[in-house]
Amino acid sequence: MDIVKCTKVTKTYRQDTVVVRALSGASLSIQEGGFVAIAGPSGSGKTTLLNIIGGLDYADSGRVVVDGNVLTDMSQSALAHLRLHKVGFVFQAYNLIPVLSALENVEFVMLLQGVPPAERRERAKAILDDVGLGGMYDRRPAELSGGQQQRVAVARSIVSNPSIVLADEPTANLDSKTGASLLEIMQEMNEKKGVTFIFSTHDKMVMDYARRLIYLRDGRIVEDKIRNG
Amino acid sequence: MFFQLGWRNIWRNRRRTLVILTAVVIGVWSMIFLSSLMRGVADQFVSNGIKTLTGHIQVHHTGYREDPVVENSIKNPAGVEAVLTAVLPPEAQWAPRVRVNAVASNARHSTGITMVGIDPSREAGVSFIGEAITEGRYLKSDDPYGIVVGKALVKKFETKVGRKLVLMSQDTEGETASRAFRIVGVYRAEMQATEKQFAFVSMPAAQQMLNLSHGISEVAVLLAEHGQAMQVANTLRAELSADEYEVNTWQELLPMGSAIMKIYDWFIFIWFLVVFIAMGFGIVNTTLMAVFERVREFGLLKALGMKPWWIVKEVLIESFCLLILGMVIGNAAGFVSVLAISRTGIDLSALAAGMEYWGMSRVIYPHILGQDVMMANLVVFILGLVVSLYPAIKASRFTPVEALAHT
Amino acid sequence: MSIDLKMAWRNIWRHPRRAILTMAAIAFATVLLVFMLSWQFGSYDTMINAAVKVHTGHLQVQAAGYHEQQNMHLVVPDPVSVSRLLDDIPDVAAHTARATAFSLVSSHERTYGVAVRGIDPTKEAQVTTVGQVIRQGKYLSDDDAAQALVGGLLAKNLRVGVGDELVLLGQGRDGSIAATVVQVAGIFSYGQDELDRNVIYIPLPYFQEVYSMQGAVHEVVVLGTSLEAVPRIKRSVSAELKTIDKKNKLVVLDWMELMPGLIQSIQMDLISGFIMYLILIIVVAFSILNTFLMVIFERTREFGVFMALGTTPGRLTRLLLLESTTLTLLGTAMGIVAGSLVTWYFQVHGIVISGTSEMLQQYGLPERMYPQLSTLSIAVGAGLVLAITLAAALYPALKVRRLRPVEAMRAV
């Protein structure tokens, strides 16, 4: 079953007087349980595509369906609801909430979902243990290394049992060893929980881990190949 | 160069500067506007007193103020008048008066009043009565039986123009003296209490009734400015024998007026301080924010060899620009709003009884005083720079290492 | 503590300096308002009580029209039954009857026109302070007849002292000439020139005899147990009065009607006070608005993340408001504590503003004034500050709703 289906998606940005065409008719489908990398040079539209799939941004035209929801027709608050329940995000700059501890960062998403406190705590601890951060529950982001922060981000993205996790250049700020161990963790989550992962990247290593590799250039898909692990 | 830099720096974050500027502008405006209103109230309190028969200076026979009876009158006014004509500044006006306590009565009512015998034309130049007649007419200089009374008294006595009013007092011999007058005019005053108290008759009528021949109770002098009183009074004292004459200024004659003015001096100053403190928190806070955003910049400048003092100066100049701008707009707003209401004043007739309770008039006219404007601006400017020293010194202490670690 | 509250708390202390300055500004305004309002409310109580105790009492029963015209023919004809009626009304602390006539008073040397008042010595002393302001001689007693209390300034003008004789000359209620000789029993001084210069007190029965009052008086003065009881008393007295005053010739006036100037001057003071407070708080609000505004500038990216995680704009607004409310409440609470302490100190020790005692005396006020800390002054003071500063906090909190996640996260 297709968890994501994009049809002829276009998007242009206007920056002052310059018009940037970020996506010009990109179409793709991603099956449930996929571990997909979207690659391409900077400015090729990777992040834009990810934002549109994640419901952070609207497409100008075309159709985007995520887990049966037609994003292109949804209001801002409906999109917020979708992001909360169906989509997890991992960002290049980690983007943890600085005033919350590791545990609280993970809990926060469940708080928004209305999960009762005791269950929240338990699930957050379990997932932090899964990403190898047992014993660091109470550290604030500033007290964690980049790799650790990104693991918290992964834990946060996945704790709400989303349909897809979108990771925008997750390894770009990490050294290769830390990056590799992060990818191992994401792979493990993908296999264990069956969550679909979609990356944008131009890191060779991420592409190596991906089971499907989509190349984007000038807002168009130029190559799409299935790799066998 | 420094000023240009400072000016540009404060506009790096437009909105933030506009917000704190608003605080400064409202603060300065309120200082100018409210102080002018308070001055207006105090001023009118004094002006009312001065217009209501006090004048700027009064000359009495020694003892009259202690014991205001006919025996203590000036027996030979010509001597005093000669001195007044000789030493008073040309724009000053003066008027002689006979003033005694009396009982006014008609068929139904009687009450205690103050009978004032006046020289109608001279009096008009000194006190309010000349232009206060609302019904009937003003007195003539030799009106033998005409009397002018206040509206409130007319109402209380259930009488009107043309009716009779009997005044009774004591003459120079201590004998009861009475005289029947006819109401020729009715006046209105700022305060009902005034209307109830004073009844005006012509000087010859009063002198005749009281058996005074040419004697008078007092001479009231009106000067061009409140401030001249002390100096002119001193000149008069030098010319008039202290055994025979007592010369007093309005400050002595209206102790309440001087007290109110003194209280308002303090009150205005405290208001300035309070408003400044309210905006001072904002000035410090905003300057701190601006400084902390530029930790890198200041660190780098230091790394380039800029002396801490220069950084202090730079931050202070930014505050300076902000303060000056706020003061210019605030002052302008203050002056404009004072100007806007200066013609009509603020009409508090709805609370007239309350105003009267404190002896104030029902319309307040703002009065801008140079010393208040100067004080307001000095407080804002000097204290504004003083509180800016804190962020300025903070900025000068950023080390290059800190600055580079800061993102 | 919930995560929301924890976040708010920690966010406040991300910039401790800024937080403290902001709270200090709010606390400053609160201290000032709590103190000033306590001062104003306290002085109103003093003013009203002073005026009531010197002049009017809380209520008066008079003939209709007497208050406006002071015409001696408008009388309460049967004060005894009015007083019997008052005895049975709850909350009435004391009452007394008075009569007033304008008369000429002469000493050997001088004559003045004054108000001669007949008072019931014992009962008058329960209602007003006249018994406490005798400076020379003694107060009147119920057995006195041709005895008088004279104001200090009047005594000076008349050149009389205790024991001297005065001639009173006026008109009786029936139009006859009222003339008598009285002896100065005491000299009083309220410190209010108006009274000290113009009033003479004689015993009421003697007054009624001299001025042919036929048992009538001009005012029956009532003192209630408290200011708050006045409307209640007024209702009962008005109702009861109908039983003895069939022709509706009597009226009940409360102190506000008797002294319209007093209540209006209080209103005036309140209004001008509130204008000043409002201006002050608005300056404070703009002073601290930047603190709230900076949140938007500094944390835009963070808000983007919140939105990416699925936080709705409404929830984001609530989070921000929780933060600014906590900050504002903290400042106000500090202000209430400090303001109450300051006020309490002066409530115990009193305040003398040097150079004002003479002036205050003229209005019947003591030179040492005491602020009166009350839940009202705290609630109004803190409430005003809270309302306006929260309004300032609302602007950024609402502004955040306009953010879109992608742009927000792109912000630096």
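Cut-offs used in this document
Residues numbered from 1 in each chain as written. Chains lettered and ligands numbered in written order. Predicted model: local features only at pLDDT ≥ 70, side-chain atom pairs only at ≥ 80, totals over all residues. Heavy atoms only, no water. Helix = DSSP H or I, 4+ residues; strand = E, 2+ residues; numbered from the N terminus. Rg over C-alpha atoms; globule rule 2.2 N^0.38 Å. Buried < 20%, exposed > 50% of the residue type's maximum accessible area, 1.4 Å probe, protein only. Contact = heavy atoms within 4.5 Å. Areas by Shrake-Rupley, 256 points an atom, 1.4 Å probe, with all protein chains shown as cover. Lys, Arg positive; Asp, Glu negative; His and termini not counted. Charge placed at Lys NZ, Arg CZ, Asp CG, Glu CD. Axes fitted to C-alpha atoms, helices over the stretch in contact; angles between N-to-C directions. Left-handed = near helix turned anticlockwise from the far one by under 90°. Nonpolar A, V, L, I, M, F, W, Y, C, P; charged D, E, K, R; others polar. Pairing = 2+ DSSP bridges. Phe/Tyr/Trp six-rings, centres within 6.5 Å; stacked < 30°, edge-to-face > 60°. Core = buried A, V, L, I, M, F, W, Y, C linked by side-chain atoms within 4.5 Å. Salt bridge = Lys/Arg side-chain N within 4 Å of Asp/Glu carboxyl O. Polar contact = N/O pair within 3.5 Å; in protein donor to acceptor, adjacent residues only side chain to side chain. Buried area = accessible area lost by both parts, 1.4 Å probe. Domains from an automatic or database assignment.

How would you sum up the overall build of chain B? Please name residues and give values.
Within chain B, the secondary structure is distributed over 15 helices and 12 strands. Relative to its length of 407 residues, chain B is extended, with a C-alpha radius of gyration of 31 Å against a globular reference of 22 Å. Referenced to the eigenvectors of the C-alpha coordinate spread, the extents of chain B come out at roughly 100 × 45 × 30 Å. Relative to its full complement of 407 residues, chain B shows a buried share of 54%. Counting contacts in chain B only where the partners sit at least 6 residues apart, residues at least 24 apart contribute 77% of the total. For chain B, the exposed surface amounts to about 17,700 Å²; the carbon and sulfur share of it is 60%. Here chain B carries 36 positive and 34 negative side-chain charges, and the mean point of each set is 13 Å from the other.

Explain the packing of helix H2 (residues 16-56) of chain C against helix H14 (residues 375-399) of chain C to me, and be specific about the residues and the numbers.
Residues and elements named next belong to chain C. Interhelical geometry of H2 versus H14 gives an angle of 145° and a closest axis separation of 8 Å. The two elements H2 and H14 cross, and the hand of that crossing is right-handed. Packed against H2, whose contacting residues are Ile26, Ala29, Thr30, Leu33, Val34, Leu37, Ser38 and Phe41, the element H14 presents Leu376, Ser377, Ile378, Val380, Gly381, Ala382, Leu384, Val385 and Thr389 at the interface. Within the contact of H2 with H14, the residues separate by chemical class into 12 nonpolar, 5 polar and no charged.

Lay out the arrangement of the chains with the relevant residues and their values.
The protein chains that touch form 2 pairs of chains, and the pair with the most contacts between them is chains B and C. With no contact between them, chain A and chain B keep their nearest C-alpha atoms 13 Å apart.

Before we move on, can you summarise the pairing of strand E10 (residues 245-249) of chain B with the specific residues and values?
All names here are of chain B. For E10, the buried fraction is high: 4 of the 5 residues fall into the buried class. Relative to E10, strand E1 (residues 57-61) runs antiparallel, the two sharing 5 bridges. Opposite Gln58, over in E10, you have Asn248 as the bridge partner.

Can you explain the sheet that holds strand E8 (residues 196-201) of chain A? Please cite residues and give values.
Residues and elements named next belong to chain A. The mixed open sheet is built from 6 strands, whose spatial order is E6-E7-E8-E3-E9-E10. What marks the edges here is a single partner per strand, and that holds for strand E6 (87-90) and strand E10 (220-226). For this sheet, the mean inter-axis angle between neighbouring strands, taken without regard to orientation, is 20°. Bridge count between strand E7 (residues 164-168) and E8: 5 bridges; the pairing is parallel. What sits directly across from Asp168, in E8, is Ser200. Contacting E6, E7 and E8, helix H5 (residues 146-159) runs over the sheet at an angle of about 170° to E6. Here helix H6 (residues 176-193) sits on the sheet and contacts strand E3 (35-39) and E8; the angle it forms with E8, its principal contact strand, is near 150°.

Could you give an account of the packing of aromatic side chains, naming the residues involved and the relevant values?
Evaluation of the coordinates by the stated rule reveals 23 aromatic pairs over all chains. Where C:Phe188 meets C:Tyr201, the ring centres are 5.2 Å apart and the plane angle is 50°; that geometry is what we call tilted. Taken together, the residues span a long stretch of sequence, with C:Phe188 in strand E7 (residues 177-188) and C:Tyr201 in strand E8 (residues 199-203) at a distance of 13 residues. Neither residue differs from the other here; C:Phe188 and C:Tyr201 are each classed as buried. Ring pairs connect the aromatic residues B:Phe128, B:Tyr187, B:Phe198 and B:Phe200, which therefore count as one cluster.

Explain the nonpolar core to me, using residue names and the numbers behind them.
Formed by 144 residues in total, the largest nonpolar core has its most connected members in B:Met279, C:Leu166, C:Ile200 and C:Tyr211. Sequence-distant contacts of B:Met279, that is, excluding residues within four places in its chain, are made with B:Ile20, B:Ala23, B:Val24, B:Gly27, B:Val28, B:Met31, B:Val380, C:Val283 and C:Ser287. Counting residues in hydrophobic clusters, the runner-up holds 57 residues, among them A:Val4, A:Leu82, A:Ile97 and A:Leu111.

Got a sec to walk through the interface of chain B and chain C? Specific residues and values, please.
The extent of an interface is frequently quoted as the accessible surface area lost upon association of the parts. Tallying the contact residues gives 59 residues for chain B and 51 residues for chain C. Residue C:Arg110 pairs with B:Asp67 through a salt bridge whose shortest N-O separation is 2.6 Å. Remark: the boundary between chain B and chain C carries 13 residue pairs in polar contact (both at pLDDT 80 or more). Elements represented by at least two residues in the side of chain B that touches chain C include exactly helix H2 (14-54), strand E2 (93-105), strand E3 (110-118), strand E6 (164-170), helix H10 (255-293), helix H13 (352-357) and helix H14 (370-396) of chain B. Take the side of chain B that touches chain C: its biggest share by element is 20 residues, from H10(B). When its residues are assigned to classes, the side of chain B that touches chain C shows 35 nonpolar, 14 polar and 10 charged.

Summarise the interface of chain C and chain A; cite the residues concerned and give the values.
The interface is formed by 24 residues belonging to chain C together with 26 residues belonging to chain A. At the boundary of chain C with chain A, total buried surface from both sides reaches about 2,300 Å², with 66% on carbon and sulfur atoms. Here chain C is connected to chain A by 2 salt bridges. Two residues, C:Lys6 and A:Glu104, come together in a salt bridge whose shortest N-O distance is 3.0 Å. Linking chain C with chain A are 4 residue pairs in polar contact (both at pLDDT 80 or more), by the criterion used here. Across the side of chain C that touches chain A, the residue classes tally to 11 nonpolar, 4 polar and 9 charged.

Please give an account of unusual backbone geometry that cites residues and values.
At A:Asp67, a residue that is not glycine, the phi angle is positive and equals roughly 50°. Residue placement: A:Asp67 occurs in the loop between strand E4 (61-66) and strand E5 (69-70). Positive phi, close to 50°, is recorded for B:Glu158, a residue that is not glycine. Residue placement: B:Glu158 occurs in the loop between helix H5 (151-156) and E6.

Describe the environment of B:Phe272, naming the residues involved and giving the relevant values.
All names here are of chain B. For Phe272, the position within the fold is in helix H10. When the C-alpha positions of Phe272 and Asp243 are compared, they lie 47 Å apart, and in sequence the two are 29 residues distant. Discounting residues that sit within four places of it in the chain, Phe272 has contacts with Met31, Ser35, Asp372, Met375, Ala376 and Val379.

Got a sec to walk through the domain arrangement of chain C? Specific residues and values, please.
All names here are of chain C. Domain annotation of chain C identifies domain 1 (3-52 + 262-410) and domain 2 (65-248). Each of domain 1 and domain 2 was reduced to a C-alpha centroid, and the two centroids are 50 Å apart. Both faces considered, domain 1 and domain 2 share a buried interface measuring about 490 Å² in area, 53% of it formed by carbon and sulfur atoms. The largest per-residue losses of area from domain 1 upon contact with domain 2 belong to Val52, Gln361 and Gln362, which jointly make up 68% of the total buried on that side. Our count for the contact surface shared by domain 1 and domain 2 stands at 0 salt bridges.

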